[in-house]
Amino acid sequence: MRSESHSLLEVDGSHGEGGGALLRTCLVMSALTQQPVRIKNIRGGTKWPGIDIEDLTLLNVLEGMSKADTVGAHLGSETLTFLPSTRPTGFKGEIGAAKSESGRGSNVQVILGSLLPALARSGVYSSLIAKGETYGSHSVSYDYFANVTLFALRKAGLHAFPELLVAGFGRESAGVVALDVEPSALTGIEWSDRGSLRSVNAVVSTCGMPESIGERIVSHLELLARNSGLEMEAEHVEVSGKSPGAFVTTWATYERGIGGGTAMGARGLRGETLGQIAFNELLDWMSSSATIDPFLADQLLLPLVLAETPSAFTVPRLTKRFLTTVWVIKQFTPIHITVRGTENAPGAVRIERR
């Protein structure tokens, strides 16, 4: 994929959702197409405008991978110019150790997920160690990334192999994830209907807690599944970390689709309630006819844009983030992305080259 024009592209960072996903997509697309870009009003759609530590972490890696020059690459900057000079190379090393003055770090899976398309297309094997949050509220968790995101990406020909070395609960934590990424030729996925159910799974990850808590959550999840007419394979995993925490990830796999639900433990929240939250989120998706959940759609879109063959999938809800990402991608390439549906309603998506 290469841009038709190398004149400087200007993007409004407050468009649509106007958050970090817009900026991350701009940077990755710029690196892949070698299209210079200036992003103004960075995170202008949020209460915290300007580049944050997560943005800067990704930016620093992409800057090296594409030998880019930058202007405005510092915390709090509301305008950034990114000028890549080569297609992204592979990466070997550590990323993500930096934190903001408040002690807030990066979500490991957000950084790794953003880099995956560029790493897969680099033509060489990459090996990364990423540091930061591995389990957090309203963000991609390690177990979801490993079991849902990467499962779907393997169907598209992208092969990556993660390992949780240290669990980190929350943005102030110091989790560690290793990831190996093979150079991959990406192909589309045709998931217009999901076919028959293959399996229902759950992982309960705990750190620094009595084993009985994790086993209790597993038992409750299995009970919830049976009461819903489902057979679930659930397991409790004690993860190594520097602070206590608990996280539940559920997912269901179909012939042509996958989706999940998650919940993060909090003080005063009973284990059974934690399991119920994650199970209900999964059941909501399973009760629809959609082939992927709305959060997975955000993560699959850019890799599928790079695929050589068309893709099709359905979601139970088109998020503002997803629609914003579609808009950003179209600023860089003339690819056809057809979205049928409106924001916060069910949608069908088809991606194909012109």
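Refer to the preceding data block for the structure.
Structure report, in brief. (Residues numbered from 1 in each chain as written. Predicted model: local features only at pLDDT ≥ 70, side-chain atom pairs only at ≥ 80, totals over all residues. Heavy atoms only, no water.)

1. Digging into the environment of T187
Next, step 1: Here T187 is to be found in the loop between β8 (175–181) and β9 (190–191).
Next, step 2: T187 gets classed as partly exposed once you look at its relative accessible area, which sits at 35%.
Next, step 3: When the C-alpha atoms of T187 and R154 are compared, they prove to be 9.7 Å apart, with 33 residues separating the residues in sequence. (Helix = DSSP H or I, 4+ residues; strand = E, 2+ residues; numbered from the N terminus. Buried < 20%, exposed > 50% of the residue type's maximum accessible area, 1.4 Å probe, protein only.)

2. Details of the pairing of strand β4 (residues 80–83)
Next, step 1: As defined by bridge partners, strand β2 (residues 37–40) adjoins β4 across three bridges and the pair is classed as antiparallel. By the bridge assignment, V37 is partnered in β4 with F82.
Next, step 2: Across three bridges, the pairing between strand β3 (residues 69–71) and β4 is antiparallel. Bridge pairing in β4 places T70 opposite F82. (Pairing = 2+ DSSP bridges.)

3. Notes on the packing of helix α1 (residues 20–33) against helix α8 (residues 320–332)
Next, step 1: Look at α1 against α8: their axes get within 9 Å of each other, and the N-to-C directions meet at 25 degrees. One element, α1, and the other, α8, form an angle in the roughly parallel class. The way α1 lies across α8 gives a crossing that is right-handed. For the pair α1 and α8, contact is made by A21, L22, R24, T25, C26, M29, S30 and T33 and by R321, T324, T325, W327, V328, I329 and F332, respectively.
Next, step 2: Of the residues that constitute the contact of α1 with α8, the class distribution is eight nonpolar, five polar and two charged. (Axes fitted to C-alpha atoms, helices over the stretch in contact; angles between N-to-C directions. Parallel < 35°, antiparallel > 145°, perpendicular 65-115°, else oblique. Left-handed = near helix turned anticlockwise from the far one by under 90°. Contact = heavy atoms within 4.5 Å. Nonpolar A, V, L, I, M, F, W, Y, C, P; charged D, E, K, R; others polar.)

4. Comments concerning the sheet that holds strand β10 (residues 197–207)
Next, step 1: Read from one edge of the open sheet, four strands run β11-β10-β12-β13, paired in mixed fashion. Edge positions in the sheet fall to β11 (232–238) and β13 (257–264), since each of these pairs with one other strand and no more. On average, each strand axis in the sheet is inclined to that of its neighbour by 15 degrees, with strand direction left out of account.
Next, step 2: Here β10 runs beside strand β12 (residues 245–254); their pairing, made up of 10 bridges, is antiparallel. Bridge pairing in β12 links V200 to A252.
Next, step 3: Of the strands in this sheet, β10, β11 and β12 are in contact with helix α5 (residues 211–227), which crosses β11 at around 170 degrees.

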